[in-house]
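A look at the structure
So the chains spell out like this:
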Amino acid sequence: MEPDVILSMRGIEIQFPGVKALDKVDFTLRRGEVHALLGENGAGKSTLIKCLTGVHHMDAGEILLDGAEIRPTTPQHAMEMGISTVFQEINLCPNLTVAENIFVGRQPMRYGQINWKEINRRASELLERFSIQIDVTRPLSYYSTAIQQMVSIARAVDVRAKLLILDEPTSSLDDNEVKRLFKVMRDLRAQGLGIIFITHFLDQVFKISDRITVLRNGRMIGEFDVRQISKLDLVSRMIGKDMNEIFNLKRAEQKRGASVAMSAEHIGIPGKVEDNSFEIKEGELLGFAGLLGSGRTETAEILFGVTKPAHGTVKVKGETVRFNAPLDAINRKLAFCPEDRKKDGVIADLTIRENIALAVQAKRGYLKPLSRKEMDSLADKYIKLLSIATPDADKRVGELSGGNQQKVILARWMATEPDILILDEPTRGIDVGAKAEIQRLMLEMCGGGMAVIFISSELDEIIRCSNRILIMRDGVKAGELPGENCTQPDIMRIIAGEAVESA
Amino acid sequence: MKRRESIFKSKLIWAIIAEILILLVCLLMRPDFFKIEYQPQTHMWYGSLIDIINRSAEITIIAMGMTLVIATGGTDLSVGALVAVAGALALKLLRWDVTVYNTPGDYTVQPFILVLFVPMLVCLAMGMFNGVLIAKFKMQPIIATLVLMVAGRGIAQIATNGKQFTTLYAPFRFIGQGSLLALPMPIIISAVAVLGVSLFTRLTSYGMFIESVGINRNASRVSGIKSDTIILIAYALTGFLSGVAGLIYASRISSCDSNNAGLNYELDAILAVVIGGTNMSGGKFSLAGTVVGSIIIRTITTFVYYFGIVSESIMAFKALIIAVVIVLQSEPVRKWMSSRKNTGADRIGGGVHA
């Protein structure tokens, strides 16, 4: 083994109910390096970190710290072994002083009392190592987020850390503060500390890290030297290629002279979507591409009235609308299949029949119930139309497979006969067959004159199905491409931010 | 693959078994326990079983609303206090003249219609107050309803100036002491309440919406359900039904009692719902189960009396039996029983809602 390796994780496997969260993942951290851990949401980054810090326990694999095998059982245990973590949200007490925050829980004592002088002196010394000169006796909340971030790093490092994990440390910092943080990181690196850096800002990865490990769907995709990989290559490895190009689907013909179904102008919520504008015509399929967290879902939620925009206007058929709740959007003939099926989609304990009838019933109000007969015919119709695999409509939706659950939600919205359909990752986590069926349905509905907004992380399905593709990056619309003759590298280039605005 | 869940997995079946067991023990101790007699003077059927159902009426009525509240994932602690408020208001209206005449008589000062409707409407408004705090201001149900649980009895005291009025007004006494179709009035009223709430949840989509909101509030909102309104209705209805129960209680004792009327009713009502098989975390509910639960609670009380237990220890004894019933209904016991019945072949369907 190389002598300068601090941490070596080998063949880590973690099984969650129903999914393999980590599948034979290897990870190596050397002394004096900043190692970026990359991957989309759900790729397994945080699971790996939680495994290392004793939050989750691995089912297989081994962790070597300084050559000795360890099995962290709790975060406290991990910290005692020299594994320190700084989380995205600052885990300090804003009402305590800076010095107290650094030493809370391990105050130096003298004559059975806390030695305040000693605490303050040592805290100032510690912060000076980071070239921060502040009054440590002031409450933490007095200082900016960046300083607070540094204080939490100082605290993490002072507990005799061998390696430091920074989980999205820059997401609440501005450019100058990021520079300051990077300086501290470089100093710590020079002192021989190993740093694991998790972020979704690719620019920062290239600025600060030495090596990169990429995870996707719980698997390790590879370990790269930062000087030997291009941003474009990295993005394609994070997203992964789709294998189901076997399906020969044709995008719907865009009718000439179709009127605008919906448009948005500069909509946004600070911190989520900064600025997004587009318009979509009847019978058009508009693809939304971009990394997870780039503001695609948030845009969809604004359009459907799940959240209210802070600025910008939304128009449906030329009329400006302000939705207070999803019901307002439904009444305007919108429909929305949310990204998180479990959280925002299915009502697991209700039957398929009830789940399908839910939105139609909500639209009618509870005083005008659908008769049992109407509900039955609605359920039967869509079970057949979408070939939902179930013996009858009485089955609880929670008992269905992911693909069939997705079809039930699709059925719920098709039953409301919408004019505009927003689909957020409708094909994620479902098997290849169900995926192709959902794409086919989507294109059929489009052919029937429905305007469809299709959000997906899988570029090939976006390219295959869309008439136009809108690409988002960091909450801002980064570009728009026609669906025809568009290639994956075209989109990736915009996602990676290498090309300027096109078409 | 139809639902082939073992009958022993249902909570309701265990409640019914428990009820039968308690009744059998009562029968052993008192051979005439099941005897029901018609008494021509009062035109009423008499008997221990009738008495149990009669005395469970208040809890049954309140628990109808409580079932819906619990199905939303909430709880309502104020029902007992609202029983006191309803009684106090009714007696205040009956005996508006109390400073002048102090002997109770067969008369009412305010129109009888007001005596009936003012308490019910005030309780409805108080239920809506709970609902607004919980649905609009997103307060935790226990905290929100604690407000009226404490304040309610104070309001009742204020309404009656801290006095305990008594009345002999026959129409009012009829509510709790009269009979219709040879059955005590409380039984008739609770039957109407059970039927009314059942029809309301079945004939409208309210039942489906309330389950949907209780199971997954987020998804329900995204599907277009106005979950705030759904929740508000549940609390308003519970308030109203507590008012009805309050009138029955006051009529039974021909009086009002701000301190003791409806005491611990919130606990009995919640218990009735839970014994009936509705989960405290919300979702699927069973009104029929709640009726059984309410009758069980009353049967236990009767049982304890028949045992001749000193009244001070009744609560402890009651709690003991309830604990046994609840343990019988618990997940591990039901699983164990059903695995014995099915030789472990049948596993629970996956993907249970978390």
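Residues numbered from 1 in each chain as written. Chains lettered and ligands numbered in written order. Predicted model: local features only at pLDDT ≥ 70, side-chain atom pairs only at ≥ 80, totals over all residues. Heavy atoms only, no water.

1. Some words on the overall build of chain B
Along its length, chain B carries 15 helices and four strands. Here chain B holds 354 residues, and 51% of them are scored as buried. The long-range fraction of contacts in chain B, counting pairs at least 24 apart against all pairs at least 6 apart in sequence, stands at 75%. Put simply, chain B shows about 15,900 Å² of open surface, and 67% of that area lies on carbon and sulfur atoms. (Helix = DSSP H or I, 4+ residues; strand = E, 2+ residues; numbered from the N terminus. Buried < 20%, exposed > 50% of the residue type's maximum accessible area, 1.4 Å probe, protein only. Contact = heavy atoms within 4.5 Å. Areas by Shrake-Rupley, 256 points an atom, 1.4 Å probe, with all protein chains shown as cover.)

2. Brief notes about the interface of chain A and chain B
Between chain A and chain B, the residue contacts involve 38 residues of the former and 30 residues of the latter. Note on chain A versus chain B: buried area summed over both sides is about 2,700 Å², and carbon and sulfur give 60% of it. Summed over the shared surface of chain A and chain B, the result is one salt bridge. Residues Lys284 of chain B and Glu354 of chain A are paired through a salt bridge, measuring 4.0 Å at the closest nitrogen-oxygen approach. Listed by contribution, the elements that provide at least two residues to the side of chain A that touches chain B are α10 (326-331), α11 (341-345), α12 (352-364) and α14 (402-414) of chain A. Broken down by element, the side of chain A that touches chain B gets its largest block of residues, six residues, from α12 of chain A. Classifying every residue of the side of chain A that touches chain B by side-chain character gives 22 nonpolar, five polar and 11 charged. (Buried area = accessible area lost by both parts, 1.4 Å probe. Salt bridge = Lys/Arg side-chain N within 4 Å of Asp/Glu carboxyl O. Nonpolar A, V, L, I, M, F, W, Y, C, P; charged D, E, K, R; others polar.)

3. Points about the pattern of salt bridges
Residues and elements named next belong to chain A. Under the definition given, this model contains 33 salt bridges over all chains. Glu444 is the salt-bridge partner of Arg440, the closest N and O atoms lying 3.1 Å from each other. On the criterion of helical spacing, the pair formed by Arg440 and Glu444 is a turn pair, its members being four residues apart in helix α15 (residues 432-447). For Glu444, a relative accessible area of 47% translates into the label partly exposed.

4. Here's the deal with the environment of Gln157 of chain B
Residues and elements named next belong to chain B. Structurally, Gln157 can be placed in helix α6 (residues 141-159). Once the C-alpha coordinates of Gln157 and Asn259 are considered, the two residues, 102 residues apart in sequence, prove to be 8.2 Å apart. Discounting chain neighbours no more than four positions away, the residues touching Gln157 are Gly162, Ser258 and Asn259.

5. Concerning helix α3 (residues 57-71) of chain B
Residues and elements named next belong to chain B. Spanning 15 residues, α3 covers 21 Å between terminal C-alpha atoms, matching the ideal 21 Å at 1.5 Å per step. At Met64, α3 is deflected by roughly 30°, the largest bend along its length. Counting buried positions along α3 gives 15 out of 15 residues, so the element sits mostly inside the fold. Among the residues trailing α3, Gly73 stands out with phi positive, at a value near 95°. (Expected span 1.5 Å × (residues − 1). Bend = angle between axes of the 7 residues up to and from the residue.)

6. Here's the deal with the nonpolar core
What tends to happen in soluble globular proteins is that the nonpolar side chains get buried as a cluster. Ranked by internal contacts, the top residues of the largest apolar core, which has 148 residues, are Ile491 of chain A together with Phe172 of chain B. The dominant element in this core, judged by the number of residues it contributes, is helix α11 (residues 227-253) of chain B, at 10 residues. Membership of the second largest hydrophobic core comes to 47 residues, among which are Phe33, Ile52, Ala159 and Ala272 of chain B. (Core = buried A, V, L, I, M, F, W, Y, C linked by side-chain atoms within 4.5 Å.)

7. Observations concerning helix α9 (residues 206-215) of chain B
Burial of α9 of chain B is extensive: 10 of the 10 residues sit out of reach of the surface. Taken together, the buried positions of α9 of chain B are Tyr206, Gly207, Met208, Phe209, Ile210, Glu211, Ser212, Val213, Gly214 and Ile215 of chain B. Residues of α9 of chain B that are buried in the fold lie against α12 and α13 (372-385) of chain A together with α3, α8 (185-203), α10 (217-222) and α11 of chain B.

8. Topic: a nonpolar patch on the surface
Together, Ile16, Ile20, Leu21 and Leu24 of chain B make up a nonpolar patch on the protein surface, roughly 340 Å² of accessible area in all. Positionally, Ile20 of chain B belongs in helix α1 (residues 11-29). (Patch = residues over 30% accessible without salt bridge, like charges linked within 9 Å, V, L, I, M, F, W, Y side chains within 5 Å.)

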